Amino acid sequence: MKPAVPRASRSQLAIMVERVIEGLVYICGISAIIFVFGIFFFVFKEGAPFLAKLNFTEFFFSKEWIPTSSVQPKYGIGALIVGTVSVTALAMLIAVPFGLGAAVFVSEFCTGKTKETLKITIELLAAIPSVVWGFIGLSVMSPVIISVFHVPVGVNLLNAALLLALMSVPIMVSIGEDALKAVPDSYREAGIALGATKWQLIYRVLIPAAKNGLLAAVLLGVGRAIGETMAVLMATGHAVNIPDSIFDPVRTLTATIAAELGETSHGSPHYQVLFLIGVVLFSITAVVNLAADFIVKGIKRK
Amino acid sequence: MFTETPFIRKKKRNEVIAKCFFGFMAAAMVIPLFLIVGYIVVQGAPAISWEFLTENPRSGGAKGGIWAAIVGTFYIVFFSLAFSAPIGVLAAVYLNEYATENWFTRIVNLAVVNLAGVPSIVHGLFGVGAFVYFANFNDGKKSIIAAALTLAVMTLPVIIASTKEALSAVPRQFREACWNVGATRWQVIWKIVLPNSISGILTGVILQVSRTAGETAPVMLTGVATYKLLDSTGLFLYHPIKDQCMALSMHLYYIATQANNVPKATPFAIATVLIGVVLIVNAAAIAFRVYLRSRKKW
């Protein structure tokens, strides 16, 4: 004979509460999807009316950006794209060797307290607001560039690229360090046992083994540099221009939106074009970030 | 016995050179930071006084203090985290506690990654389209609530990521023990999982305080004005729905690039205050994290 066990039962109310909370959690859970589509939808919606009038070749390839002309406004973002690409490329030229070098240093040469301190410092570097970086470019770097290179203007391509390099290094170091940490110690031990020097170990073993993670680190840095606004707005010189040298001022897609949106009226062609630039930016960074994510996930699955 | 042959000596030297080389790479990134921040603080500190912090700006920002900007930044940070923290934590609870490994969960995770990578200026455009014009809180004009909501969407993915990490650090046995005594899913989360991960969750949220305080581009499109003094008569210093506000980050931009007749030290002083706020908040979060990690019981 079984002993009688009193069967616990939940009240109707408790079950209801549980259901409601579960629904709430679910809605919050899918909020990210809602917002990603929301961002695309609203940015596209504001810019869409202009699509009918838009000449795509002129939009992407013309370097004439004269949106405020009362006679014949021109909406060519070619020069702005060149500006964004050139600033990002120069920044990466500086940031990739230093960022990945710093990641190797943190991961392979530092231990204990030093490592912890360095990582915290780099984390703090990442926390400095972009407007402060812009101000640094304007008031610290600009005079330095003028006096070092003897050029007339200090706010230019080089200035903005240096700022972007400093701004995108932290994310490269932290992701790159994760990638190097994921290389099994047995690889290192095998290398050392074969008599490899530290250089050989890094170039022949660690970097090939961690190359996907390092690539992802670079891509995230690129995504960050493309999307950066305030620093490039203040430090590029903000002139619509195809640069001939690194001392020329340029203008980027992001900075154009930030500088001009406040002066347009709701629904004007200029306002709509700025939103279309937003759609372009959204698409570029989405591709870059998803690529980085696929690469990182690929490593984890392996 | 090992003896130091020339080969070994060469190898040792090689090692030292490698260490110096990569050390230089790291130093080249860290040392300029200290020099620049030091320079800004040295230039700005003399201009910071009690009056500078607690007086309203005068003459278009050229004279007076930054009180209105400090209050505005506080408003924006407070309202944006009031939205993003609960939604972000619940979203992480969903992803970590409820969701199973399937295609839908993968899409949600991809959306989080994507949301984190959207440039801040595009968030600003979204805020203009969605909160200023579509939700229309303030009759088609910028407002504090629109700026706060924009920043809330922007910080959401970061809060989700840090909370998820904190939740997954709670051992599975804790949950299993509760299910065994008949607790429901939500009871387990509310009574066991959240209390055990609250420190990690809070650290992640605190870090977003400094990010929202420093953000400029999205708020200047959606709710921050270059010059908007506090209303000293009303119940609220700013009205969250009907008012625009000033903010420290925007104030620095405005003073550094557009305002006239500003003393040279003023933008440095604002930058110092902004850096100070960010570094104090971040240092507090890091200290909190280190302290709690040392107390962890499992």
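Definitions and cut-offs
- Residues numbered from 1 in each chain as written.
- Chains lettered and ligands numbered in written order.
- Predicted model: local features only at pLDDT ≥ 70, side-chain atom pairs only at ≥ 80, totals over all residues.
- Helix = DSSP H or I, 4+ residues; strand = E, 2+ residues; numbered from the N terminus.
- Rg over C-alpha atoms; globule rule 2.2 N^0.38 Å.
- Contact = placed C-beta atoms within 7 Å.
- Buried ≥ 20, exposed ≤ 12 C-beta atoms within 10 Å, placed from the backbone.
- Nonpolar A, V, L, I, M, F, W, Y, C, P; charged D, E, K, R; others polar.
- Axes fitted to C-alpha atoms, helices over the stretch in contact; angles between N-to-C directions.
- Parallel < 35°, antiparallel > 145°, perpendicular 65-115°, else oblique.
- Left-handed = near helix turned anticlockwise from the far one by under 90°.
- Bend = angle between axes of the 7 residues up to and from the residue.
- Domains from an automatic or database assignment.
- pLDDT = per-residue confidence, 0-100.
- Expected span 1.5 Å × (residues − 1).

Student: Residues and numbers for the overall build of chain A, please.
Tutor: Check the secondary structure of chain A and you find 13 helices and two strands. Its C-alpha atoms give chain A a radius of gyration of 25 Å, more than 25% over the compact-globule value 19 Å for 302 residues. In terms of principal-axis extent, the alpha carbons of chain A reach across some 100 × 65 × 35 Å. A separation threshold of at least 6 residues defines the contact pool for chain A, and within that pool the share at least 24 residues apart is 73%.

Student: Summarise the overall build of chain B; cite the residues concerned and give the values.
Tutor: Within chain B, the secondary structure is distributed over 11 helices and two strands. Starting at the N terminus and ending at the C terminus, chain B contains elements arranged as α-α-β-β-α-α-α-α-α-α-α-α-α. On C-alpha atoms alone, chain B measures out to a radius of gyration of 24 Å, which is more than a quarter above the 19 Å that the 2.2 N^0.38 rule sets for 298 residues. With the principal axes as the frame, chain B shows a C-alpha extent of 80 × 65 × 35 Å. Looking at chain B residue by residue over its 298 residues, the buried ones come to 46%. Long-range pairs, those at least 24 residues apart, make up 76% of the contacts in chain B between residues at least 6 apart in sequence.

Student: With reference to specific residues and values, describe the interface of chain A and chain B.
Tutor: Each partner contributes residues to the interface: chain A has 69 residues there, and chain B has 71 residues. Split into classes, the residues belonging to the side of chain A that touches chain B amount to 47 nonpolar, 16 polar and six charged.

Student: Run through the packing of helix 4 (residues 78-109) of chain A against helix 10 (residues 211-227) of chain A, naming residues and quoting values.
Tutor: Residues and elements named next belong to chain A. Viewed as axis vectors pointing N to C, helix 4 and helix 10 meet at an angle of 140°, and their least axial separation amounts to 10 Å. When the axis of helix 4 is compared with that of helix 10, the two are oblique. Helix-helix and strand crossings are classified by hand; for helix 4 and helix 10 the assignment is right-handed. Of helix 10, the residues touching helix 4 (which contributes Thr-84, Thr-88, Ala-91, Met-92, Ala-95, Val-96, Gly-99 and Leu-100) are Leu-214, Val-218, Gly-221, Val-222, Ala-225 and Ile-226. Grouping the amino acids of the contact of helix 4 with helix 10 by side-chain chemistry returns 10 nonpolar, four polar and no charged.

Student: Which residues make up unusual backbone geometry, and what values do they have?
Tutor: At A:His150, a residue that is not glycine, the phi angle is positive and equals roughly 55°. Along the polypeptide, A:His150 turns up in the loop between helix 6 (130-149) and helix 7 (157-181). One non-glycine residue, B:Asn261, lies in positive phi territory at about 55°.

Student: So what's going on with helix 6 of chain A? Residues and values would help.
Tutor: Where helix 6 of chain A bends most, at A:Met141, the angle is about 45°, and the proline A:Pro143 comes one to four residues later. If you follow the buried residues of helix 6 of chain A, they end up packed against helix 7 and helix 11 (230-235) of chain A together with helix 1 (6-44), helix 8 (185-214), helix 10 (248-257) and helix 11 (265-295) of chain B. Following helix 6 of chain A by one or two positions, A:His150 has its phi on the positive side, about 55°.

Student: Before we move on, can you summarise the domain arrangement of chain B with the specific residues and values?
Tutor: All names here are of chain B. The assigned domain composition of chain B is domain 1 (6-47) and domain 2 (50-295). Placing a centre on the C-alpha atoms of domain 1 and another on those of domain 2 gives a separation of 33 Å. Broken down by class, the residue content of the side of domain 1 that touches domain 2 amounts to six nonpolar, two polar and no charged.

Student: Describe the environment of B:Ser84, listing the residues and the values that go with them.
Tutor: With respect to the secondary-structure elements, B:Ser84 resides in helix 3 (residues 67-98). Taking the C-alpha atoms as reference points, B:Ser84 and B:Lys63, separated by 21 residues in sequence, lie 36 Å from one another.

Student: If you had to explain the confidence of the model for chain B to someone new, which residues and values would you point to?
Tutor: Per-residue confidence for chain B gives a mean pLDDT of 88, with 96% of residues at or over 70. Interface scoring of the predicted complex returns ipTM 0.90; its pTM is 0.91.

Student: Lay out helix 4 (residues 103-117) of chain B with the relevant residues and their values.
Tutor: Side chains of residues three or four places apart in an α-helix project in the same direction, reflecting 3.6 residues per turn. In a regular helix each residue adds 1.5 Å, so 15 residues correspond to 21 Å; helix 4 of chain B covers 21 Å between its end C-alpha atoms and thus fits that length. For helix 4 of chain B, the set of buried residues is B:Ala111, B:Val112, B:Val113, B:Asn114, B:Leu115 and B:Gly117.

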